[in-house]
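Survey of secondary and tertiary structure
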Amino acid sequence: MFKKSVEAKAQQRLSGADRKKLKRTIKERFPAASDSDLDTLIPPKVEVTVSKHPNRVLIYSLEGGLPIFFDVDSRGTTIFPTVYALWKVPHLLPSFILKGGEVSRYVIGGADLMFPGISIDSEGLPEFLAGQPWAVKVPGNPAPIAVGSTCMSSSEALKAGLRGKALKISHHYRDALWESAEGRYVPNAGFLEDVVFEDPSLSTTDAISDHVNNADNQELEVANAIIDDLDDSSSNTKISQQVITDLDNLKVTENVESDKGTAAEDQNTLSVEDVDALLDKCLLQAFYTTMKDKDLPIAGSTLWANHVLPCRPSGTVLDIKKSSHKKLSKWLQSKSTEGLISSKEDKHKKEVMVLSINRKHPVYTSFKPEKQQVEKTEQTVDHPSNETDLNTTMEVIEIYKPSVHVNPIFTSVGADTRQLYTASEASEVVFAYVEKENLVKPTNKSIVVLDAILCDALFKGAIKKGSTYPSEIHKKDLAPTFINRMQAHHQVTRGKESVVRKGGLKAMQIMTERRQGNKKVTKLSGMESFLIDAEPLASELQKKFACSTSVTEMPGKKGYEVLVQGGVIDVLARYLVEQYGIPKKYIEVLDKTARK
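Basis of the calculations
- Residues numbered from 1 in each chain as written.
- Predicted model: local features only at pLDDT ≥ 70, side-chain atom pairs only at ≥ 80, totals over all residues.
- Heavy atoms only, no water.
- Pairing = 2+ DSSP bridges.
- Helix = DSSP H or I, 4+ residues; strand = E, 2+ residues; numbered from the N terminus.
- Expected span 1.5 Å × (residues − 1).
- Buried < 20%, exposed > 50% of the residue type's maximum accessible area, 1.4 Å probe, protein only.
- Contact = heavy atoms within 4.5 Å.
- Axes fitted to C-alpha atoms, helices over the stretch in contact; angles between N-to-C directions.

As judged from the eight bridges shared by strand β14 (residues 394–401) and strand β18 (residues 487–494), these two strands associate in the antiparallel manner. Within β18, the residue paired with Lys 401 across the bridge is Gln 487. Examined bridge by bridge, β14 and strand β15 (residues 421–422) share two bridges and lie antiparallel to one another. Paired with Ile 399 across the two strands is Thr 422, which belongs to β15.

Here is the structure:
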């Protein structure tokens, strides 16, 4: 799908309402995504833009040009994460594991994934339906290399003898979408130019772990042999106890010298009973401190990620697989059986939902929660004190991008054709070319003589066929004519937020209409171009003017319209200038209630 780079038709910043809508779509499309996963993929204070392409594909990108999701048909039903998103949250999609790294050459080369290239473990082929989104991984590397949709269900695949196409690849590492990221990167050293192998750092860690385990086994065999020999002699009880103690001390010393990290892990290793007790402690701590009844019902994965894990003791690794329950769902079901919670399995999401907490249960009432530190929350209270200053600090800059007409001029003076320039910077470029080629008329310093390159840059395609091209131009007309041949862009900056869009900045429109006799209503639209969210603005205007307000999506257009009861057109315009720093030239006022 992204074999060739295609320039976007339009790009705009997502409003607050569209941002929430995107998160809901992602949550519905990918049930495995928790709330913390959504915050990782779409950070709350990071700008999100959407670009529309000629093939109807929508690409959602984070601030800095990092593509995070793409929508194939722009309807939200076929939205996929990019590899950058999967590198942040690898468990967002289930994954097919390739038989080896060499198979990745075909996937990266643009081929679809075939069943003979998939590694199937002893448990057999996992269950899936046709048309589901799946990722592709290389064995030994946790970072996915591609994403696509299944071509058939698992039952159909088994009937076909695991032959044919398994996954239609929509996007993969090193395609045009990956290349489009301004700060493109690879997640680990296993990602090479045209192939992906296992992560070398993980293989090194596994090798060290195997070495330590082998050493431990050898020490155990030696210890057992010595103990057996000592047991044969009943008269050497004290000696046997001393030797065993010495062996234990020797083992600890060797672990510390070989790997301090391994020693720390060995000291913190918990038994199955200890892990079960720690799980129950963290759950009760969460019920007392972070879980409120208004948060219910809650998905088991969300409860685990947002409440249970943050309550674990510092420096402790909480792994459900090392408990007697092995799975999160079984653990929650056991708590439900005990009566501590009530739960229900969601058949659609295939996940346990916690419906209520029995706060009268003896286990709950007898538990004493630990005090939590609140230093971080106290430190962050004073930051948003200058919120009104951020609202009024707004800057609009008209900038321009070199087009095919003027690219030769920029190239000739060594200027980058991919950058954006202000009007004064673009003027410097064209006058640098005039000076370089010595095009100033000797008899009249205010006239520039046009050579073939400069003449084409200024007038090619703009003059009717049959008309004579000018041979010279006045200096005062050179810069405006040159800038007029470039692609207009604009940059809007509000506080720490900044966005660059193609085309000129459209004015915000305020219009008053008459409804039902003498009743008036004031409409405000176009605020998204100035980095203003419609819903917070409507709430603010409701308090400011002591009237009812509402937000509606504009039909046939992208954006929202704020409706304010009453004819407050002049007051509203003045409020936007003073409170939000909108220049007056960017506010278009239209009063349809004025008498003719």
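What follows concerns helix α10 (residues 272–289). The end-to-end C-alpha separation of α10 is 26 Å, in line with the 26 Å expected for 18 residues at 1.5 Å each. Of the positions making up α10, those classed as buried are Val 275, Asp 276, Leu 278, Leu 279, Cys 282, Leu 283, Leu 284, Gln 285, Ala 286 and Phe 287. Turning to α10, the residues buried within the fold contact α11 (300–308), α12 (328–338), β12 (341–346), β13 (351–357) and α13 (362–365).

Right, let's get into the side chain of Ser 15. Relative to the elements of secondary structure, Ser 15 occurs in the loop between β1 (10–13) and α1 (16–29). Residue contacts for Ser 15: discarding those within four places in its chain leaves Glu 528, Asp 533 and Tyr 560.

A few words on the sheet that holds strand β23 (residues 560–565). Paired through their backbone hydrogen bonds, the strands of a sheet run either parallel or antiparallel. Overall, mixed pairing links the five strands, which are arranged β22-β23-β21-β20-β24 in an open sheet. The open sheet has two edge strands with one neighbour each: β22 (549–553) and β24 (587–591). Averaged over neighbouring strand pairs, the angle between their axes works out to 20 degrees when direction is ignored. Pairing of strand β20 (residues 508–515) with strand β21 (residues 519–525), which is carried by seven bridges, proceeds in the antiparallel orientation. Looking across to β21, one finds that Gln 509 is bridged to Ser 525. Sheet strands in contact with helix α21 (residues 569–580) are β20, β21 and β24, and its direction is about 175 degrees off that of β24.

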